[in-house]
Amino acid sequence: MKLQKSTLEPEQKLSAPQKKFQKLCQKIEQEQVRLNEWQTAQADIQARASREILPTYAQLREIIFQQIQQLLQQKQQKMTAAQQTKLAQKIEQLSLQLLESQQMSAEQVQFLTELLNHYGYDFERPDLDDLDEMFEAKTEAEFAEENFEQGGFEDDASEQERLAQLKLDSLKHFLCEEYDLDLDFFDFQHDPLDLDDFIEKFEQKMQDQEELDFLSQLSGAQKAFAEQQIAREKAKAAKKQQQREEAKKLANQSIKTIYLKITAWIHPDREQDEQKKQEKTALMQQANQAYEANDLLSLLNLQIQLGQQHNLSFANQQLKAYNLLLEEQLETLQMQVDDIIYSFNWSQFLYSNRKIKVQDLYRKYEQDYRHAQQKLARAQEILEKYQDLKQLKQLMRSQYVWEMHAVVM
């Protein structure tokens, strides 16, 4: 709520901490709006993809499977040895492509596995019953993990520990592959039930390792200078973190004090002027909501807007601490927005410095959906050509055309 002139104290010159506080509040408000926009867009795009793109790719995989079956039938026709070789290579290529998608039915997986083994691969031939059991087990594991994340199995501590350990082991193996590490790398102490704690310790060790690798490449004088710079940056970061922790403690102690000061200053029952009384009633509701929500920053904003300047030096000292909290909140909001943005593939923006906007996401989705539809139409067209032996042979006459005449999922 914007304060009315009748409610405000006479305008006074703002101190530097007050100016910074107001500027950070404005930035946070803007970033919250931006985050809400991206969250809404992300949910909308995911819902649309489930309705449109995912079914399109399911149809695409089914048509490619039909292409394989059609090519196998055509292999029974009279052909030259070169044509037979080309058909075999195309069948092999499409079969591998479908298996790598990991989106086929149990029967199709078994069919493709046996087919590829016929072409010299050494895939384990799964039994249909085994596949069904594997899919059922996967479903049960996913269900268990979902319940664990939602707070289920509260009465079974061992189940929580087991699922947490499974998630941790899976994460470790992923990190080993991603960063070419050995399992011995994770020898640091961490809470086995807290993935966030593990990730924090992992990132710290990776950073320490990068520093060691960097320093090992420097000469004596260069190494000494670099070590001083690193130590200075670490000390600076530690000091800022300590300041933020102190600011949080101060915030917890100050929220009631600030609230009482605000309510004492704007209490509507003490106001005789009817217009001012209505304004202060609205402000009192705003202050009450902020206090009930333990929203210190909203109360502080009210305090600054209302011009309560008692004991100015102490207020400025507090604001310096609170500004640290605002900076941290702003950083968190910006990271949340970035996490959403870069959960999508933005290859077309790799060489652009332009800031990605929500409208870009919708344009990108429309492009991706059209691309998926084009792939589906092309796959259907290829299937029709494979069904006609004359057209199939025509395609194989040019090695370039034959190699390009395929759909990549």
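Residues numbered from 1 in each chain as written. Predicted model: local features only at pLDDT ≥ 70, side-chain atom pairs only at ≥ 80, totals over all residues. Heavy atoms only, no water.

### Topic: the side chain of Arg 34
The topology assignment puts Arg 34 in helix 1 (residues 16-51). Residue classification places Arg 34 among the buried positions, given a relative accessible area of 17%. At 2.6 Å, the side chain of Arg 34 and the side chain of Glu 31 are in polar contact. When residues no more than four places from it in sequence are discounted, the contact partners of Arg 34 are Val 337, Ile 341 and Lys 355. (Helix = DSSP H or I, 4+ residues; strand = E, 2+ residues; numbered from the N terminus. Buried < 20%, exposed > 50% of the residue type's maximum accessible area, 1.4 Å probe, protein only. Polar contact = N/O pair within 3.5 Å; in protein donor to acceptor, adjacent residues only side chain to side chain. Contact = heavy atoms within 4.5 Å.)

### Brief notes about the packing of aromatic side chains
Enumeration according to the criterion identifies 11 aromatic pairs in this entry. Taken together, a centroid distance of 5.7 Å and an interplanar angle of 45 degrees make the contact between Phe 186 and Phe 198 tilted. Of this pair, Phe 186 sits in the loop between helix 6 (157-179) and helix 7 (195-216) while Phe 198 is found in helix 7, placing the two residues 12 residues apart along the sequence. Taken as a pair, Phe 186 and Phe 198 share a single burial class, namely buried. Between Phe 188 and Phe 198, the ring centres sit 5.6 Å apart and the planes meet at 35 degrees, which makes this aromatic pair tilted. A residue pair is termed long-range when its members are at least 10 positions apart, and Phe 188 in the loop between helix 6 and helix 7 and Phe 198 in helix 7 qualify at 10 residues. For Phe 188, a relative accessible area of 15% corresponds to the buried category. The buried category is assigned to Phe 198, whose relative accessible area is 0%. An aromatic cluster is built from Tyr 179, Phe 185, Phe 186, Phe 188, Phe 198 and Phe 202, whose rings are joined through pairwise contacts. A cation over an aromatic ring shows up here: Lys 205 above the ring of Phe 185, its NZ or CZ 4.6 Å from the ring centre. (Phe/Tyr/Trp six-rings, centres within 6.5 Å; stacked < 30°, edge-to-face > 60°. Lys NZ or Arg CZ within 6 Å of the ring centre and 35° of its normal.)

### Description of the packing of helix 3 (residues 81-101) against helix 13 (residues 389-396)
Running from amino to carboxyl end, helix 3 crosses helix 13 at an angle of 90 degrees, the nearest separation of the two axes being 11 Å. Taken as axis vectors, helix 3 and helix 13 run roughly perpendicular relative to one another. Facing helix 3, whose interface residues are Gln 83, Lys 86 and Leu 87, helix 13 presents Leu 392, Lys 393 and Met 396. The class makeup of the residues in the contact of helix 3 with helix 13 is 3 nonpolar, 1 polar and 2 charged. (Axes fitted to C-alpha atoms, helices over the stretch in contact; angles between N-to-C directions. Parallel < 35°, antiparallel > 145°, perpendicular 65-115°, else oblique. Nonpolar A, V, L, I, M, F, W, Y, C, P; charged D, E, K, R; others polar.)

### Quick word on the nonpolar core
Ranked by size, the top nonpolar core spans 70 residues in total, and within it Trp 38, Ile 68, Ile 262, Leu 299 and Leu 392 carry the most contacts. The dominant element in this core, judged by the number of residues it contributes, is helix 12 (residues 358-387), at 10 residues. Apart from the residues lying within four places of it in its own chain, the contact partners of Ile 68 are Ile 91, Leu 94, Ser 95, Leu 98, Leu 112 and Leu 115. Core analysis: the next-biggest nonpolar cluster, separate from the first, contains 10 residues, Leu 168, Phe 188, Phe 198 and Met 206 among them. (Core = buried A, V, L, I, M, F, W, Y, C linked by side-chain atoms within 4.5 Å.)

### Focus on the packing of helix 2 (residues 53-74) against helix 12
Working note: a packed helix pair is described by the angle between its axes plus the distance between those axes. As a packed pair, helix 2 and helix 12 sit with axes 9 Å apart at the nearest point and diverge in direction by 20 degrees. When the interaxial angle is binned, helix 2 and helix 12 end up roughly parallel. Once helix 2 is placed against helix 12, the crossing between them reads as left-handed. Looking at the contact of helix 2 with helix 12 residue by residue, the classes come out as 13 nonpolar, 9 polar and 2 charged. (Left-handed = near helix turned anticlockwise from the far one by under 90°.)

### Notes on the confidence of the model for the protein chain
The share of residues in the protein chain with pLDDT of 70 or more is 79%, and the mean pLDDT across the chain is 79. By mean pLDDT, helix 5 (residues 128-149) is the weakest element of the protein chain at 44, and helix 2 is the strongest at 94. Taken as a whole, residues 1-10 scores under 50 in pLDDT and shows 23 contacts with residues more than four places along the chain or in a different chain. Low confidence marks residues 308-314, where pLDDT is under 50. Its contacts with residues over four positions away, or in another chain, come to 8 contacts. (pLDDT = per-residue confidence, 0-100.)

### A word on the pattern of salt bridges
On inspection of all chains with the given rule, the structure shows 10 salt bridges. Between Lys 234 and Glu 211 there is a salt bridge, and its shortest N-O distance comes to 3.2 Å. Here Lys 234 is found in helix 8 (residues 220-266), whereas its partner Glu 211 is found in helix 7, with 23 residues between them in sequence. Judged by relative accessible area, Lys 234 falls into the partly exposed class, the value being 40%. Assessed through its relative accessible area of 17%, Glu 211 is described here as buried. The partner of Lys 364 in a salt bridge is Asp 368, with the nearest N and O atoms 2.8 Å apart. (Salt bridge = Lys/Arg side-chain N within 4 Å of Asp/Glu carboxyl O.)

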